[in-house]
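What the coordinates show
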Amino acid sequence: MKQTIFNRATLGDWEQTALKSLKGKTLDSLSTKTLEDIILKPLYSLADAAFIPVSQTDIVRQAKNSSEWSIAQLAEGATSEEVLMDIKESLGKGNDVIHYKVEKEHVWNAEQIEEWKGLLSEHKAILDVTNNPSFLDHFTELNGLVKGAKNATTLHARTTFLNGSSIHQAGGDAVSELASVLVQADSLARETSIGELVQKAFVQFSVDTNFFMEIAKIRAFRVLWQAFGEGFGQPNLEAIPVHVETSLRSFSVLDPYVNILRAGNSALAAVLGGADSVTTYPHDYLTKVTPTSNRIARNMQLVLKEETHIQRVIDAAGGSYYVESLTKELVEKAWDYFLKLMKEVTLEDRESKLLARAHEKWQQQLALLATRKKSLIGTNIYANPADILPEAIKQIDYKRLAKPLEQLRQAFQQKPLNTAIIPYGLLKEYKARMDFVSGYLVALGISPTVAPENLKPFDLQKWIDEQRIDYLIFVGNDEQTTGLVPALLNEQLSVPMDVAGKFEEYEDWLEAGLSGRIFAGQSLLEKGQQLLALAQKEDSNVNA
């Protein structure tokens, strides 16, 4: 065995093997384009590392003194008493810092303020006082990060907030988020000084489920921060803390337990990217957080710490050809975009450009979601027909991908469209198409009934009347469809009928009375609006 020698595989060898399995497709068909306009290759090798600056990995690793990160679950409570109770309980069960958004309705008495002082003397804090800046007046010393502070003289606290989440919440991509932070930093550095900015600043990012891109985003910020320092004559700029919250952009009220997977994915990406502190949102955050969901969210990070050992390694993702290449491309694209933004005269103009780009990227994401090229399990794919949307859904700053589909589901809950799939042919020939149509409709909030197969026109009309059907979809193989759809249209059935699939005869069928069609790649949102209009029309007919 010691004498065994394996032939060294080359990139060319891999390409030849890949081409055989592609059955006529090109290698380019394996490449994908990201929201950031980065082309992802199917394979990264040592050759890609030749184009990555040697300093890149060093900068990322020198930005942290420790491989640890702080668990920073947000305190919840309707009253000040409940908030304090939640803070103390979470600190005893794994939280490393006090994380709290100060609300005006929370009234603090003298005894509670003293309790706060005791807690803050023992623990770091992440506070958001935007809604009540006067809360800080009670304290002379606070170690941690503070958002929304005005003229704060609090000792040891960082109070200059670089908001990388705002553009993400508006629908932006990683390049927009990184450039946004640099624009904010430039404005603040010119107001005061680069030295004061470094001493008082911290940054927050929202991390979504695009795992490797999110790892690269945080790593890219470390490199960009150094480049930013060089622009101000500070080539060895001190790193600032990076706080991360798991993104709510991909959260859905439908099948909410999938949100656990989304948050876990995001939390792991944040840690591997090098975050200093992480907040993981509970899976039911959009409806009503419970002690159990809070515990699950906190335990995600505890499991990562105690069972994966990733807290023992600084920059565990560093050295990966893929991650390093992504980091490099994000750095280059974000820096180029930052320089382009800086050509705008005012900060308002730069922010306007950022929001315009975020809107464009958001529309791209919605289009991918609607055509199911981007999957939200339990929402636009593998939806559960038994899911009932609650009346109260929390209003948040995030644009959420699931929201348009949730609104359609809610609308169909209020105005159901009694829908039937009418199958023709043999089960094995039409089942795949029928399953697709059924899943498509359920994602909109319509649970179709399947008619007995191969019904003759007279029997079909009788069945429609008995079942009080409002809308039909014809499902069959290509031969059955082209042969029978014209015949059924000639019968002038009493309800609108769509066809499943794409056919050359479609325009002719429309002229003959076909209502529409359902096919792979069709926009769920557009079709949903069409069917909702039909449901509202049917409802008005019934009322009449």
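Scroll up to find the structure.
The structure contained in this document is the topic of the report that follows. (Residues numbered from 1 in each chain as written. Predicted model: local features only at pLDDT ≥ 70, side-chain atom pairs only at ≥ 80, totals over all residues. Heavy atoms only, no water.)

**Quick notes on the pattern of salt bridges**
Spelled out, the test is: Any Lys or Arg side-chain nitrogen located within 4 Å of an Asp or Glu carboxyl oxygen qualifies as a salt bridge. Classification of residues uses two cut-offs on accessible area relative to the type maximum, computed with a 1.4 Å probe and protein chains only: under 20% is buried, over 50% is exposed, and between them is partly exposed. Comment: elements are numbered from the N terminus, with helices defined as DSSP H or I runs of at least four residues and strands as E runs of at least two.
Evaluation of the coordinates by the stated rule reveals 24 salt bridges. A salt bridge links lysine 93 to glutamate 89; the shortest N-O distance between them is 3.2 Å. Given the relative accessible area of 48%, lysine 93 is considered partly exposed. Residue aspartate 96 pairs with lysine 305 through a salt bridge whose shortest N-O separation is 3.3 Å. Taken together, the positions of aspartate 96 in the loop between helix 4 (80–92) and strand 4 (98–101) and lysine 305 in helix 11 (residues 291–307) put the pair 209 residues apart, joining distant regions of the chain. With a relative accessible area of 9%, lysine 305 lands in the buried category. Through salt bridges with shared partners, a single ionic network connects Arg61, Arg219, Asp315 and Glu324.

**Points about the side chain of threonine 327**
Stated precisely, the cut-off is as follows: Contacts between residues were defined by any pair of non-hydrogen atoms, one from each residue, lying within 4.5 Å.
Looking at the element boundaries, threonine 327 is found in helix 12 (residues 321–341). If near-sequence neighbours (up to four positions away) are discounted, threonine 327 is found in contact with Gln56, Ala216, Arg219 and Ala220.

**Here's the deal with the sheet that holds strand 16 (residues 516–518)**
Where we set the bar: Note: two strands are recorded as paired if DSSP finds a minimum of 2 bridges between them. Note on definitions: angles span 0 to 180 degrees between N-to-C directions of axes, and those axes are lines fitted to C-alpha atoms, for helices only across the stretch in contact.
Judged by pairing direction, the sheet is parallel, and its five strands sit side by side in the order 13-12-14-15-16 without closing on themselves. At either margin of the open sheet sits one strand with a lone partner, and together these are strand 13 (449–450) and strand 16. In this sheet, strand 15 (residues 497–500) lies alongside strand 14 (residues 471–475) in parallel orientation, the contact comprising three bridges. Along strand 15, the bridge assignment pairs isoleucine 473 with aspartate 498. Here helix 15 (residues 427–444) sits on the sheet and contacts strand 12 (419–423), strand 13, strand 14, strand 15 and strand 16; the angle it forms with strand 14, its principal contact strand, is near 150°.

**Observations regarding the nonpolar core**
Our working definition: Note on terminology: a nonpolar core comprises buried Ala, Val, Leu, Ile, Met, Phe, Trp, Tyr and Cys residues joined through side-chain atoms within 4.5 Å.
In terms of nonpolar packing, the biggest core is built from 60 residues, with Phe221, Trp225, Phe228 and Leu330 touching the most fellow members. Considering every element that reaches this core, the biggest residue donor is helix 9 (residues 211–231), with 11 residues. Among all residues touching phenylalanine 221, those that are not within four sequence positions of it are Leu178, Val181, Val203, Phe205, Ile240 and Val242. Trp362, Tyr440, Leu441 and Ala500 belong to the second-largest nonpolar core, a separate cluster that totals 34 residues.

**Some words on the packing of aromatic side chains**
Spelled out, the test is: For Phe, Tyr and Trp, rings pair up if their centres lie within 6.5 Å, where Trp contributes its six-membered ring, and each pair is then called stacked (planes under 30 degrees apart), edge-to-face (over 60) or tilted (otherwise). Remark: a charge is flagged as sitting over a ring if the NZ atom of Lys or the CZ atom of Arg is within 6 Å of the ring centre and within 35 degrees of the ring normal.
Under the counting rule described, the total for this entry stands at 21 aromatic pairs. Seen from their ring centres, phenylalanine 221 and tryptophan 225 are 5.8 Å apart, and the 35° between their planes marks the pair as tilted. Of the two residues, phenylalanine 221 and tryptophan 225 are both situated in helix 9; the distance of four residues between them amounts to about one turn of the helix. Accessibility expressed as a relative area gives 2% for phenylalanine 221, which makes it buried. Aromatic pair phenylalanine 503 and tryptophan 509: ring centres 5.6 Å apart, planes at 45°, arrangement tilted. The burial state of phenylalanine 503 is the same as that of tryptophan 509; both residues are buried. Among the aromatic residues, those joined into a ring-pair cluster are Tyr100, Trp108, Trp116, Phe135 and Phe139. One Lys or Arg, arginine 357, reaches over the ring of tyrosine 337 and ends 4.7 Å from the middle of that ring.

**As for unusual backbone geometry**
The phi torsion at lysine 23 lies on the positive side, around 55°, for a residue other than glycine. Counting through the fold element by element, lysine 23 comes out in the loop between helix 1 (11–22) and strand 1 (32–33). For lysine 23, a relative accessible area of 75% corresponds to the exposed category. Although it is not a glycine, arginine 468 adopts a positive phi angle of roughly 55°. Its location among the elements puts arginine 468 in the loop between helix 16 (457–467) and strand 14. Among the residues examined, arginine 468 registers a relative accessible area of 70% and is labelled exposed.

**Digging into the packing of helix 7 (residues 174–191) against helix 9**
Put simply, the rule reads: When describing relative orientation, an angle under 35 degrees is termed roughly parallel and one over 145 degrees roughly antiparallel, while 65 to 115 degrees is termed roughly perpendicular and anything else oblique. Each crossing is labelled by how the near helix is turned from the far one, with a counterclockwise turn of less than a right angle marking it left-handed and a clockwise turn marking it right-handed. Three residue categories are used. Nonpolar comprises Ala, Val, Leu, Ile, Met, Phe, Trp, Tyr, Cys and Pro, charged comprises Asp, Glu, Lys and Arg, and polar comprises the others, including Gly.
Relative orientation of the contacting elements helix 7 and helix 9 amounts to 30°, with a least axis distance of 10 Å. Classified by the angle their axes make, helix 7 and helix 9 are roughly parallel. Here helix 7 and helix 9 pass one another in a crossing that is right-handed. The residues of helix 9 that touch helix 7, namely those facing Ala174, Glu177, Leu178, Val181, Leu182, Ala185, Asp186 and Ala189, are Met213, Lys217, Ala220, Phe221, Leu224, Trp225 and Phe228. Residue composition of the contact of helix 7 with helix 9, by class: 12 nonpolar, no polar and three charged.

**Description of the sheet that holds strand 11 (residues 277–279)**
Across the sheet, which stays open at both edges, the five strands sit in the order 3-11-10-9-8 with parallel pairing between neighbours. Either end of the sheet is taken by a strand with one partner, and the two such strands are strand 3 (70–71) and strand 8 (160–163). The pairing of strand 10 (residues 242–246) with strand 11 spans three bridges and is parallel. Note that in strand 11 the partner of glutamate 245 across the bridge is threonine 279. Strands in contact with helix 7 are strand 8 and strand 9 (201–207); relative to strand 8, the strand with the most contacts, it is inclined by about 150°. Set on the sheet, helix 9 makes contact with strand 8, strand 9 and strand 10; between it and strand 9 the angle comes to about 160°.

**Brief notes about helix 11**
Structurally, the α-helix is built with 3.6 residues per turn, so residues lying three or four positions apart point the same way. Our working rule: Multiply 1.5 Å by the residue count of a helix minus one, and that product is the helix's expected span.
With 17 residues, helix 11 ought to run about 24 Å at 1.5 Å a step, and its terminal C-alpha atoms sit 23 Å apart, in line with that. Looking only at helix 11, the buried set comprises Ser293, Asn294, Ala297, Arg298, Met300, Gln301, Leu304 and Lys305. Tucked inside the fold, the buried residues of helix 11 contact strand 3, helix 4, helix 10 (258–273) and strand 11. Two residues or fewer past helix 11, histidine 309 is found with a positive phi of approximately 65°.

**Describing helix 15**
Rules: Bend at a given residue is defined as the angle between two axes, one fitted to the seven residues that end at that position and one fitted to the seven that begin there.
Compared with the 26 Å implied by 1.5 Å per residue over 18 residues, the 25 Å span of helix 15 between its first and last C-alpha is a close match. The largest bend along helix 15 measures about 25° and falls at arginine 433. Among the residues of helix 15, those classed as buried are Tyr430, Met434, Val437, Tyr440, Leu441, Val442, Ala443 and Leu444. Just downstream of helix 15 lies glycine 445, where phi reads positive at about 100°.

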